[in-house]
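Single-letter residue listing:
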Amino acid sequence: MDHETSSDIEPGSSAADAREAGLAAEASPSPEWADAPSTRPPSASEAICPVCLERITAGVALCPECGEPADASKKPVRAPSVPEAPPDASWLSLHWRPLVTIGAILGLISTGAALRYLAPHRFSPSRAATAVAPPAPVCGAPCWSGESCQLGRCVWQRPNNVGHLVDAPSIAGPFPLPKDAADALPLDRDRFAVALSSGLEVRSSRTGEALSLVTEAPHVRRLYRVGDVVYATSPSRIYVIDAATTRLLKTIELGEAVGDVVVGASGRRALASLPEAHAVAILATEYHAEIERIQFGDDAVGPVAVDDSGTRAITTTGQLPQPGQREPSGGVAYPFDPSRLGSEQDRVRTSMVGNPASALMSPDGSAGFVALRAENTLVPLTWLPSGAVRQEARITTCREPEQIELVRSDRRAIVRCNEGRAIQVFDLAKRELLRAVTFPGRALDLAVAPDGAQVVVALSGDGAGSVALVDLKSYAAKVHPLGGEPTRIRLAPDGGSALALGDRAKVAWVLQ
């Protein structure tokens with residue numbers, strides 16, 4: 001239908017006729033205004049729909065776009081999507097919905113503020129403001145190595161993987177040893193080493209049979225455990241032997257016979273006394289070499305004790321007399337600093353009449369103790385700020401105190417008395433006697449378990465000796481007889497086994 005035909009549609013035509021006419025008009029080719037913008041003014045044959053505002057053919061009854069009457073004076077066929085506001089509507093009736101929404105939001109905010117204001121402890125200071133600074137250490141003095149400060153007390157922490165012998169251990173032996181056996185030391189629960197003139201012999205802890213022989217270490221006299229290695233002393237040198245493989249690692253040339261070897265708590269330094277050279281050699285255990293030698297005049301020093309820091313030590317001239325020999329009457333104790341050069345040492349010589357047979361240093365280095373075998377006393381030594389040493393009031397012990405050992409748990413010390421046939425436990429802080437444990441025979445040697453819960457004592461007897469296990473909590477002693485007399489006690493590094501050596505009969509027992 002062309003333009004002339006579409007304009008002849010009667011106003012009363014139906015909506016379908018009008019729509020058909022509109023489609024025909026769109027399909028017909030448009031003249032020059034086909035591509036003109038929609039903003040152009042309507043021509044005489046066009047009109048604007050009063051509802052959708054689209055261009056429609058003038059004179060149609062219904063708009064082909066929205067289906068509404070093209071005449072604005074007629075009512076629409078359907079209700080508008082947005083109802084018109086009543087002419088007499090107030091402002092509140094037109095805007096009540098946003099007012100309700102805004103009121104609900106303000107009410108929610110006000111309720112939260114009121115609850116926060118009425119919350120408990122609203123006006124109390126914040127935690128950040130009242131945070132208490134961490135308290136200063138409540139332990140009065142620094143704790144020893146291996147201790148921790150708990151509730152104002154320094155409590156010793158037992159190392160891992162260590163223990164002590166059971167109350168009823170199994171005893172293997174006696175195992176006969178060569179006649180030239182000078183010392184023995186357990187390597188682990190399955191092996192122990194024997195010091196011989198021909199070398200270091202390794203034996204089985206179950207059968208006592210020889211397993212191997214380290215011939216590169218001849219004329220061994222004493223054995224000392226230093227970490228993962230064994231120091232085997234000879235007349236002029238120290239052999240360093242790996243405990244796991246029994247392989248000779250190194251030889252430390254000293255030129256003199258070694259009397260005693262002590263290892264510090266850190267394990268980085270070892271002190272070896274040289275009685276014939278009147279000196280103490282300082283050994284570095286990292287690379288096994290002598291780094292310094294400290295001379296002590298004309299005195300043949302023997303027993304050595306050192307603190308945990310390695311800055312204070314004591315060496316004495318005491319010695320244990322052989323049976324039938326006369327007791328040495330004199331004696332001297334030398335305090336010194338192993339961390340300083342020999343030329344920088346303060347020469348402090350403390351005379352102690354009474355054969356100072358053993359010495360002990362407190363782990364913190366504040367005090368030292370020397371056992372006088374001939375005087376039956378224990379002499380405390382206190383370091384002064386000037387570097388001098390002062391002898392404190394002596395402590396009476398049992399007869400012939402020969403050995404003093406440290407028990408780190410509860411800061412105690414154990415004194416072994418030969419003629420007194422007992423051991424005595426002292427409190428190092430109060431310097432008081434806590435308990436005395438007596439035995440049926442002479443106490444020849446003792447060793448403290450690495451966990452600090454037990455002490456093993458070698459006892460003599462009439463032709464047959466025994467081993468006593470003393471619980472350091474209850475101080476109960478259990479004596480286990482042996483087939484001979486033990487003279488030395490050596491413990492394995494984990495404390496689970498012990499070796500009792502009989503020097504006279506040349507036999508050994510293994511306790512596990």
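Nothing here was measured: the structure is a model prediction, and the numbers come from that model.

K.L.:
Help me out: how do you make sense of the packing of aromatic side chains in this one?
P.N.:
Any pair of aromatic rings gets described here by the distance separating the centres and the angle formed by the planes. With the rule as written, the count across this model stands at two aromatic pairs. The interplanar angle of 65° and the centroid separation of 5.3 Å between the aromatic rings of F296 and F336 together place this pair among those described as edge-to-face. Separated by 40 residues along the polypeptide, F296 in the loop between β17 (289-295) and β18 (304-306) and F336 in strand β20 (residues 332-336) bring together distant segments of the chain. Judged by relative accessible area, which is 5%, F336 ranks as buried. One aromatic cluster is present, built from ring pairs that chain together F296, Y334 and F336. In this structure, R411 is placed above the aromatic ring of W144, and the distance from its NZ or CZ to the ring centre is 4.2 Å.

K.L.:
Hey, could you run me through the side chain of D445 in this one?
P.N.:
Mapped onto the fold, D445 is located in strand β31 (residues 443-448). Within polar-contact distance, the side chain of D445 engages the backbone nitrogen of I489 at 2.9 Å. If we skip the residues at most four places from it in the chain, D445 touches Q403, R416, V456, V457, A458, T487, R488, I489 and R490.

K.L.:
Is there a simple way to think about the confidence of the model for the protein chain in this case?
P.N.:
Detailed conclusions should not be drawn from predicted coordinates in areas where pLDDT is low. Mean pLDDT over the protein chain works out to 84, with 86% of the residues at or above the 70 mark. Across residues 1-16, where pLDDT falls below 50, the model places twelve contacts with residues more than four positions away in sequence or in other chains.

K.L.:
For this particular structure, what's the right way to read the state of the cysteines?
P.N.:
A disulfide bridge is the covalent bond that connects two cysteines by way of their sulfur atoms. Counted under the stated rule, the structure contains two disulfides. In this model, C143 is linked to C154 through a disulfide, with the two sulfur atoms separated by 2.1 Å. Every disulfide takes its handedness from the sign of the S-S torsion; for C143 and C154 that torsion is -80°, giving left-handed. Taken together, the residues C143 in the loop between α5 (127-130) and β3 (147-150) and C154 in strand β4 (residues 153-156) connect sequence positions eleven residues apart.

K.L.:
Is there a simple way to explain the pattern of salt bridges in this structure?
P.N.:
Where charged atoms of side chains with opposite charge meet at close range, the side chains can pair. Scanning the model with the defined rule gives 24 salt bridges in all. The partner of E201 in a salt bridge is R203, with the nearest N and O atoms 2.8 Å apart. Residues E201 and R203 agree in their burial class; the two are buried. Residue R504 pairs with E485 through a salt bridge whose shortest N-O separation is 2.5 Å. In this pair, R504 sits in the loop between β36 (498-502) and β37 (507-511) while E485 sits in the loop between β34 (477-481) and β35 (488-491), placing the two residues 19 residues apart along the sequence. Owing to a relative accessible area of 58%, R504 belongs among the exposed residues under this scheme. Connected through shared salt-bridge partners, D183, R222, D445, R488, R490 and D503 make up one network.

K.L.:
Can you walk me through the sheet that holds strand β29 (residues 422-427) in this structure?
P.N.:
Within a beta sheet, neighbouring strands are joined by backbone hydrogen bonds and run either parallel or antiparallel to one another. Strand order in the open sheet formed by four strands is β27-β28-β29-β30, and the pairing between neighbours is antiparallel. The sheet is open, and its two borders are formed by β27 (401-407) and β30 (432-438), each paired with just one other strand. When strand polarity is set aside, the average angle formed by the axes of neighbouring strands in this sheet is 20°.

K.L.:
For this particular structure, what's the right way to read the pairing of β34?
P.N.:
Where strand β33 (residues 466-471) lies against β34, five bridges are found, and the strand directions are antiparallel. When the sheet's bridge partners are listed, V467 is paired in β34 with H480. If you look at the hairpin formed by β33 and β34, you'll find five residues sitting between the two strands, and Y475 has a positive phi there, around 60°.

K.L.:
Whenever I open this one, the side chain of T233 confuses me. Can you help?
P.N.:
Among the structural elements, T233 can be located in strand β11 (residues 229-233). Taking relative accessible area as the criterion, T233 reaches 2% and is therefore assigned buried. Not counting the four nearest positions on each side in its chain, T233 is found in contact with H219, V220, R221, R222, Y224, I238, V258 and V261.

K.L.:
Got a minute to help me understand empty space enclosed by the protein in this structure?
P.N.:
Rolled over the atoms, a probe as big as a water molecule pinpoints where empty space is left. Taken as a whole and judged by the stated rule, the model has one cavity of 30 Å³ or more. Taken as a whole, the largest cavity encloses approximately 30 Å³ of empty space. For the lining of the largest cavity, the secondary-structure elements that each account for two or more residues are β7 (191-195) and β36. Of the residues assigned to the lining of the largest cavity, the class counts are five nonpolar, two polar and two charged.

K.L.:
Help me out: how do you make sense of the environment of P275 in this one?
P.N.:
Tracing the chain through its elements places P275 in the loop between β15 (269-274) and β16 (279-284). As for P275 and G259, which are separated by 16 residues in sequence, their C-alpha atoms are 6.2 Å apart. Look past the residues within four positions of P275 in its chain and what remains in contact with it is A257, V258, G259, A300 and V301.

K.L.:
Any chance you could explain unusual backbone geometry here in plain terms?
P.N.:
Working note: non-glycine residues mostly have negative phi, and peptide bonds are mostly trans. Each neighbour pair has its own omega, and for G173 with P174 the value is 10°, a cis peptide bond. Looking at where P174 falls in the secondary structure, it is placed in strand β5 (residues 171-176). For H288, which is not a glycine, the phi torsion comes out positive at approximately 55°. With respect to the secondary-structure elements, H288 resides in the loop between β16 and β17. We classify H288 as buried; its relative accessible area is 13%.

K.L.:
Is there a simple way to explain the environment of A388 in this structure?
P.N.:
Position of A388 relative to the elements: it lies in the loop between β24 (377-383) and β25 (389-391). The spatial distance from the C-alpha of A388 to the C-alpha of R347 is 9.4 Å, given a sequence separation of 41 residues.

K.L.:
Looking at this model, I keep getting lost on the sheet that holds β31. Mind explaining?
P.N.:
Read across the sheet, four strands follow the order β31-β32-β33-β34 without closing on themselves; strand pairing throughout is antiparallel. The open sheet has two edge strands with one neighbour each: β31 and β34. Going from strand to strand, the sheet's axes swing by 20° on average, the running direction of each strand aside. Pairing analysis gives six bridges linking strand β32 (residues 454-459) to β33, with the strands arranged antiparallel. Along β33, the bridge assignment pairs V455 with V470.

K.L.:
Sorry, what's going on with the nonpolar core here?
P.N.:
One broad rule of soluble globular proteins: the nonpolar side chains tend to lie buried together. Ranked by size, the top nonpolar core spans 16 residues in total, and within it Y231, I238, I252, L254, V258, L274 and L283 carry the most contacts. Elements represented by at least two residues in this core include exactly β10 (222-226), β11, β12 (237-242), β15 and β16. By residue number, the principal contributor to this core is β15, which donates three residues. In contact with V258, not counting residues within four places along its chain, are T233, S234, I238, A272, S273, L274 and P275.

Conventions we followed
- Residues numbered from 1 in each chain as written.
- Predicted model: local features only at pLDDT ≥ 70, side-chain atom pairs only at ≥ 80, totals over all residues.
- Heavy atoms only, no water.
- Phe/Tyr/Trp six-rings, centres within 6.5 Å; stacked < 30°, edge-to-face > 60°.
- Helix = DSSP H or I, 4+ residues; strand = E, 2+ residues; numbered from the N terminus.
- Buried < 20%, exposed > 50% of the residue type's maximum accessible area, 1.4 Å probe, protein only.
- Lys NZ or Arg CZ within 6 Å of the ring centre and 35° of its normal.
- Polar contact = N/O pair within 3.5 Å; in protein donor to acceptor, adjacent residues only side chain to side chain.
- Contact = heavy atoms within 4.5 Å.
- pLDDT = per-residue confidence, 0-100.
- Disulfide = S-S within 2.5 Å.
- Salt bridge = Lys/Arg side-chain N within 4 Å of Asp/Glu carboxyl O.
- Pairing = 2+ DSSP bridges.
- Axes fitted to C-alpha atoms, helices over the stretch in contact; angles between N-to-C directions.
- 1 Å grid on protein atoms, 1.4 Å probe; cavity = no way out; pocket = protein on both sides within 12 Å on 5 of 7 lines; lining within 4 Å.
- Points joined across faces, edges and corners; volume = space filled by probe spheres on them.
- Nonpolar A, V, L, I, M, F, W, Y, C, P; charged D, E, K, R; others polar.
- Core = buried A, V, L, I, M, F, W, Y, C linked by side-chain atoms within 4.5 Å.

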